[in-house]
Amino acid sequence: MSGVALALEVVVVFFLALFLLHRYGDFRKQHRMVLFATLLAWFLCFLIVFILPLDVSTTIYNQCKIDNLGHLPASKTFNRDNSSNSSVFPTQRVLKTCHKPWSYIPDGILPVFWRVVYWTSQSLTWLLIPFMQSYARSGGFSISGKIKTALIENVIYYGTYLLIFCSLLIYVAVNPKWHLTWSDLRTIGITAANTWGLFLLVLLLGYGLVEIPRSYWRASCHGQLLAKTYFKAAKLMTEKADAEENLEDVMEDVRTVNEKIKYNHPLRKCIDTILKKCPVEYQEKMGRNMDDYEDFDDKGNPYPSKKSLVKLHKQVIYAVQRHNRTQVQWQILLDEAFHLEDVAKNETSSTHQFVHSFPSAEPPGWISKYLYTPTVEWYWECVFRRWCYRVLAVVLCVFSAAVVWSECTFFSTQPVLSLFAVFIQLAERDYNYVYIEMACFVTIFFLCYCVYSTVFRIRVFNYYYLAPHHQTDAYSLQFSGMLFCRLTPPLCLNFLGVIHMDSTISHQQREKTAYNSIMGSMQVLSFIANGFYIYYPMLIVLLCIATYFSLGTRCLNLLGFQQFMGENDLTSDLVDEGKELIRRERRKRQRTEDGESRRREWRERYSEQRERYSRRSRSAYSELKETDGPGTDTGRGEEDSRCRKTLLQDALSNNQVLAQSRRDRSDKAELLQDVEPLDFTGEEPLETDNRRYAGGHYLSTSASRARIFDDV
């Protein structure tokens with residue numbers, strides 16, 4: 001099994017990162033370099049999480065071998081003089097039985113592996129991704145223009161970090177106790193990056209440890225969940241209207257510029273590039289302005305500069321992305337609200353069968369037909385789901401309490417107070433590597449889930465927002481990859497300290513993990529290793545208390561950012577507004593469903609009638625052929641046969657005309673039923689549908705109305 005577990009986890013992690021990128025990104029529309037950089041960043045971060053438990057089990061096995069080598073000289077002395085030394089070291093002379101773990105990775109592989117993964121992720125987060133963010137957000141029309149814009153925007157960004165690094169470097173160089181080497185410089189850089197990541201990690205972790213269990217508990221309360229959905233609908237409708245208004249304003253600017261710049265202007269290519277980014281309906285309205293073939297005059301008419309077109313191009317990209325995202329999110333939220341309302345209606349059902357308000361038009365699959373039947377769906381949605389969510393919330397709450405306790409006590413080695421360190425040490429005595437790896441994986445996975453889910457929930461003024469269903473823009477995807485690369489290394493380092501596998505923090509003489517070996521000796525900056533890394537995670541307690549009492553939500557409400565607060569007056573108003581919006585959308589969808597059902601019914605009826613007419617015509621024609629078979633026909637018989645054929649053709653033609661007239665009348669009636677009530681106060685009525693027949697002539701009602709009100 002040597003190396004098989006490592007290769008298997010690499011493949012699994014790659015497909016996991018690819019699945020998440022497919023959920024949030026759009027493979028067809030977004031740039032390949034953006035997708036590749038985001039996939040690589042997510043893949044490397046998830047790889048650290050999945051491979052670290054294997055590193056822990058391998059380190060425990062290596063520690064066992066080192067302990068046996070340390071006892072070997074005493075064993076030889078015991079063999080020479082059995083009588084004199086038998087009572088001096090009775091316990092130390094028993095060699096340990098070191099069982100090789102099933103996922104053992106040979107020496108020399110993990111250090112190289114961690115070095116490649118760590119430095120690649122750090123290069124992405126500190127150098128490449130910030131540059132690609134500015135490149136993707138730039139409104140330039142050429143590659144050189146986008147690169148120039150990205151370099152200008154990143155001068156301040158890179159200059160800030162360079163200033164911090166130079167300050168630390170000068171501080172270390174001035175101190176006469178320290179003599180800097182290349183290894184020390186590398187350690188200072190790693191320490192600075194981990195310090196920044198740990199600062200952000202504690203903030204996100206303190207929020208996730210409380211909010212995640214509470215979100216699952218609230219999901220079990222159906223009434224509160226439905227009220228929150230109404231609240232989100234009201235907020236999303238406001239955002240949707242704002243996005244539509246912003247898109248209209250930007251398209252108006254594009255239309256103005258499109259009319260000013262003619263076909264032969266040097267900036268016409270830039271306008272064509274902007275038009276390609278606009279929605280299709282706006283492209284059809286504007287089109288290319290080629291009706292005027294006169295040469296442009298720079299002195300006669302003021303033309304926009306290329307810098308203003310770059311800014312407009314950037315606004316178009318952002319406005320279109322935001323508009324599309326709000327449209328998709330609105331449809332998803334509507335489906336969620338309709339489903340929750342269906343659950344509320346079906347809870348009182350006596351048949352114990354789940355009935356949907358808007359059943360799917362697609363035929364049910366074999367899972368819905370045989371396994372997830374309406375009865376099973378009713379028991380899951382109305383009975384078991386809430387209890388499963390409550391049990392899961394309690395389990396997550398226990399995990400959160402264990403994490404908070406361990407973060408506050410992991411520096412204590414005698415006695416061992418960290419719960420996760422106790423679990424790992426108990427398993428280490430029996431060399432139960434499967435339990436060690438599972439315990440490490442569950443612990444670090446829970447920590448990552450608390451941190452990463454908080455990252456996925458963050459919204460910074462709609463500037464950074466991870467939206468599912470392929471609605472995340474390139475900037476947000478890269479920003480998430482950058483955050484993951486910065487948060488994962490300090491999170492794993494903190495995890496190793498919690499389970500007492502980091503000798504720098506636990507101050508124990510034991511074998512280092514291969515992951516710790518690439519970090520170097522943190523004692524180069526002892527005030528960070530012995531102070532910040534140990535005592536700063538204790539702030540998780542304060543952050544958890546603040547999150548439990550929703551202090552951040554209350555502050556956002558005071559600042560004007562509406563948040564769901566339960567019994568708040570503003571929250572109640574938004575809930576009522578969202579409820580009315582959902583009712584309106586339900587009525588609209590119901591009318592659409594009724595129209596579709598009527599159209600399907602008429603189509604089926606027409607097909608049946610046509611089939612019946614065709615059968616009748618075929619049977620009549622076959623009977624006619626039988627009666628007019630070959631033989632000696634008299635002149636009268638031939639005449640009768642021709643008469644019957646003529647009558648049959650007339651009947652068929654009459655039936656076809658009758659069927660066509662019925663189809664026309666039914667189509668017109670159907671269209672009139674589907675049409676919304678018209679307002680004739682300012683619009684001219686349709687002449688084709690409002691006509692009267694008088695005196696053998698069709699008279700338009702619009703014309704008659706015009707003559708009636710001529711004197712008004």
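Because the structure is a prediction, the values reported are computed rather than measured.

Draft legend 1. Quick look at the side chain of Thr326. Tracing the backbone shows Thr326 in helix H10 (residues 306-346). Among the polar contacts made by the side chain of Thr326, one reaches the main-chain carbonyl oxygen of His323 at a distance of 2.8 Å. Contact partners of Thr326, with chain neighbours within four places excluded, come to Glu239, Lys240 and Ala243.

Draft legend 2. Up close: the packing of helix H8 (residues 268-277) against H10. Direction vectors running N to C along H8 and H10 enclose 10°, while the axes themselves pass 9 Å from each other. The angle between H8 and H10 falls in the class roughly parallel. Residues Cys270, Ile271, Thr273, Ile274 and Lys277 of H8 touch H10, and the partners they reach there are Lys306, Leu309, Leu312, His313, Val316, Ile317 and Val320. When the residues that make up the contact of H8 with H10 are grouped by side-chain class, the tally is 8 nonpolar, 2 polar and 2 charged.

Draft legend 3. A look at the confidence of the model for the protein chain. Residue-level pLDDT values for the protein chain average 77, and 75% of them are 70 or greater. Looking over the protein chain, one finds the lowest element-wise mean pLDDT in strand S4 (residues 697-700), namely 36, and the highest in helix H12 (residues 374-409), namely 92. Below a pLDDT of 50 lies the segment residues 72-93, which in the model reaches 10 contacts outside its immediate sequence neighbourhood of four places, other chains included.

Draft legend 4. A look at the packing of aromatic side chains. Under the defined criterion, the tally for this structure stands at 22 aromatic pairs. An angle of 80° between the planes, with centres 5.2 Å apart, marks the rings of Tyr118 and Trp119 as edge-to-face. In this structure Tyr118 comes out as buried when scored by relative accessible area, which is 1%. Taking the relative accessible area as the measure of exposure, Trp119 reaches 33% and is therefore partly exposed. Taking the centre distance of 5.8 Å and the plane angle of 20° together, the rings of Phe441 and Phe445 count as stacked. Highlighted residues: Phe441 and Phe445, both in helix H14 (residues 433-457), separated by 4 residues, approximately one helical turn. Among the aromatic residues, ring-to-ring pairing joins Trp42, Phe46, Tyr452 and Phe484 into one connected group. Seen from the ring of Tyr24, Arg23 lies directly overhead, with NZ or CZ sitting 5.7 Å from the centre. Between the NZ or CZ atom of Lys146 and the centre of the ring of Tyr135, over which it lies, the distance is 5.6 Å.

Draft legend 5. Here's a closer look at the side chain of Asn346. For Asn346, the location among the structural elements is in helix H10. If we ignore the near neighbours within four places in the chain, the residues touching Asn346 are Gln353, Phe354, Val355, Trp378 and Cys382.

Draft legend 6. Just a positive patch on the surface, in detail. Together, Lys579, Arg583, Arg584 and Arg587 give the surface a local cluster of positive charge. Here Arg584 lies in helix H21 (residues 569-627). We classify Arg584 as partly exposed; its relative accessible area is 44%.

Draft legend 7. Just a nonpolar patch on the surface, in detail. On the surface, Tyr370, Leu371, Tyr372, Val376, Tyr379, Trp380 and Phe384 cluster together to form a nonpolar patch covering roughly 680 Å² of accessible area. Among the secondary structure elements, those contributing two or more residues to the nonpolar patch are helix H11 (366-371) and H12. It is H12 that contributes the most residues to the nonpolar patch, 4 residues altogether. Mapped onto the fold, Val376 is located in helix H12. The class of Val376 is partly exposed, set by a relative accessible area of 38%.

Draft legend 8. How the structure looks around the nonpolar core. In this structure, Trp42, Trp114, Leu209 and Ile499 are the most contacted members of the largest nonpolar core, which totals 92 residues. The dominant element in this core, judged by the number of residues it contributes, is helix H2 (residues 32-80), at 19 residues. Beyond its immediate sequence surroundings of up to four residues, Trp42 is in contact with Ala17, Leu20, Leu21, Phe456, Leu477, Ser480, Gly481 and Phe484. By size, the runner-up hydrophobic cluster in this structure holds 20 residues, among which are Met251, Ile271, Leu275 and Tyr282.

Draft legend 9. The environment of Ile152, seen in detail. For Ile152, the position within the fold is in helix H5 (residues 143-174). Ile152 sits in the exposed class, given a relative accessible area of 55%. Between the alpha carbons of Ile152 and Phe131 there is a distance of 9.9 Å; along the sequence they are 21 residues apart.

Draft legend 10. Inspection of a negative patch on the surface at higher detail. On the surface, Glu245, Glu248, Asp249 and Asp253 cluster together into a patch of negative charge. In this structure, Asp249 sits in helix H7 (residues 222-260).

Draft legend 11. Highlighting the pattern of salt bridges. For the structure on display, the rule yields 14 salt bridges. Where Lys240 meets Glu244, a salt bridge forms, and the shortest distance between an N and an O atom there is 3.1 Å. Here Lys240 pairs with Glu244, and both are found in helix H7, just 4 residues apart, close to one helical turn. On the basis of relative accessibility, which here comes to 12%, the residue Lys240 falls in the buried class. Lys588 is paired through a salt bridge with Glu585; the nearest N and O atoms lie 3.9 Å apart. Taken together, the residues span about one helical turn, with Lys588 and Glu585 both in helix H21 at a distance of 3 residues. Assessed through its relative accessible area of 16%, Glu585 is described here as buried.

Quick notes on the rules
- Residues numbered from 1 in each chain as written.
- Predicted model: local features only at pLDDT ≥ 70, side-chain atom pairs only at ≥ 80, totals over all residues.
- Heavy atoms only, no water.
- Helix = DSSP H or I, 4+ residues; strand = E, 2+ residues; numbered from the N terminus.
- Polar contact = N/O pair within 3.5 Å; in protein donor to acceptor, adjacent residues only side chain to side chain.
- Contact = heavy atoms within 4.5 Å.
- Axes fitted to C-alpha atoms, helices over the stretch in contact; angles between N-to-C directions.
- Parallel < 35°, antiparallel > 145°, perpendicular 65-115°, else oblique.
- Nonpolar A, V, L, I, M, F, W, Y, C, P; charged D, E, K, R; others polar.
- pLDDT = per-residue confidence, 0-100.
- Phe/Tyr/Trp six-rings, centres within 6.5 Å; stacked < 30°, edge-to-face > 60°.
- Buried < 20%, exposed > 50% of the residue type's maximum accessible area, 1.4 Å probe, protein only.
- Lys NZ or Arg CZ within 6 Å of the ring centre and 35° of its normal.
- Patch = residues over 30% accessible without salt bridge, like charges linked within 9 Å, V, L, I, M, F, W, Y side chains within 5 Å.
- Areas by Shrake-Rupley, 256 points an atom, 1.4 Å probe, with all protein chains shown as cover.
- Salt bridge = Lys/Arg side-chain N within 4 Å of Asp/Glu carboxyl O.
- Lys, Arg positive; Asp, Glu negative; His and termini not counted.
- Charge placed at Lys NZ, Arg CZ, Asp CG, Glu CD.
- Core = buried A, V, L, I, M, F, W, Y, C linked by side-chain atoms within 4.5 Å.

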